[in-house]
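Each chain, letter by letter, is given below.
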Amino acid sequence: QVHVVESGGGLVQAGGSLRLSCAASGSFFSINDMGWYRQAPGEQRELVATISSGGSTNYVDSVKGRFTISRDNAKNTVYLQMNSLKPEDTAVYYCNANIKRSRYFTSSSNYWGQGTQVTVSS
């Protein structure tokens with residue numbers, strides 16, 4: 001079994017900061033890419049940021065310079081540091097981890113967290 005748990009969401013004033021965390025646990029061999037997605041009411045889910053197992057990162061244009069994605073491989077955890085938050089950042093944020101279950105098989109699967117609400121007031 002693999003379980004992905006998110007934390008760190010909440011209510012913050014515009015210009016403030018939050019740090020989201022996402023930890024994977026259970027039985028698996030390794031974690032490949034990890035990423036954060038978000039979905040606002042009435043909108044499609046969008047990719048916010050990704051980080052590879054080697055530390056290469058990508059961001060959606062709207063968060064560049066404000067958000068930072070990082071990971072701690074020893075803890076099987078990915079973080080999203082969010083600074084200079086804006087009301088348009090309000091959404092449910094979801095963690096995704098691409099995981100290889102076994103050392104002896106090639107296939108990997110995507111696992112999702114339950115989502116955490118981020119609300120930014122003006």
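Each remark here, short or long, concerns the structure printed above.
Residues numbered from 1 in each chain as written. Predicted model: local features only at pLDDT ≥ 70, side-chain atom pairs only at ≥ 80, totals over all residues. Heavy atoms only, no water.

### Let's talk about the overall build of the protein chain
A count of helical and extended segments in the protein chain gives zero helices and eleven strands. Counting helices and strands in the order they occur from the N terminus, the protein chain gives β-β-β-β-β-β-β-β-β-β-β. For a compact globule of 122 residues, the expected C-alpha radius of gyration is about 14 Å, and the protein chain comes in at 14 Å, within 12% of that figure. Expressed as a percentage of the 122 residues in the protein chain, the buried residues total 39%. Entry remark: accessible area of the protein chain is about 6700 Å², with carbon and sulfur atoms responsible for 45%. Positive and negative side-chain charges of the protein chain, numbering 11 and 8 respectively, have mean locations separated by a distance of 10 Å. (Helix = DSSP H or I, 4+ residues; strand = E, 2+ residues; numbered from the N terminus. Rg over C-alpha atoms; globule rule 2.2 N^0.38 Å. Buried < 20%, exposed > 50% of the residue type's maximum accessible area, 1.4 Å probe, protein only. Areas by Shrake-Rupley, 256 points an atom, 1.4 Å probe, with all protein chains shown as cover. Lys, Arg positive; Asp, Glu negative; His and termini not counted. Charge placed at Lys NZ, Arg CZ, Asp CG, Glu CD.)

### Some thoughts on the nonpolar core
For soluble globular proteins, the rule of thumb is that nonpolar side chains tend to be buried together. Counting residues in hydrophobic clusters, the biggest one holds 30 residues, and the most contacted among them are Trp-36, Leu-80, Met-82 and Tyr-93. The element contributing the most residues to this core is strand β9 (residues 91-100), with five residues. (Core = buried A, V, L, I, M, F, W, Y, C linked by side-chain atoms within 4.5 Å.)

### Side note on the pairing of strand β4 (residues 30-39)
Sheet topology places β4 next to β9; eight bridges connect them, and they run antiparallel. What sits directly across from Tyr-37, in β9, is Tyr-94. (Pairing = 2+ DSSP bridges.)

### Overview of the pairing of strand β1 (residues 2-7)
Residues of β1 alternate between two faces, with Val-2, Val-4 and Glu-6 buried on one and His-3, Val-5 and Ser-7 left unburied on the opposite face. In terms of strand pairing, β1 meets strand β3 (residues 18-26) through six bridges, oriented antiparallel. Looking across to β3, one finds that Val-2 is bridged to Gly-26.

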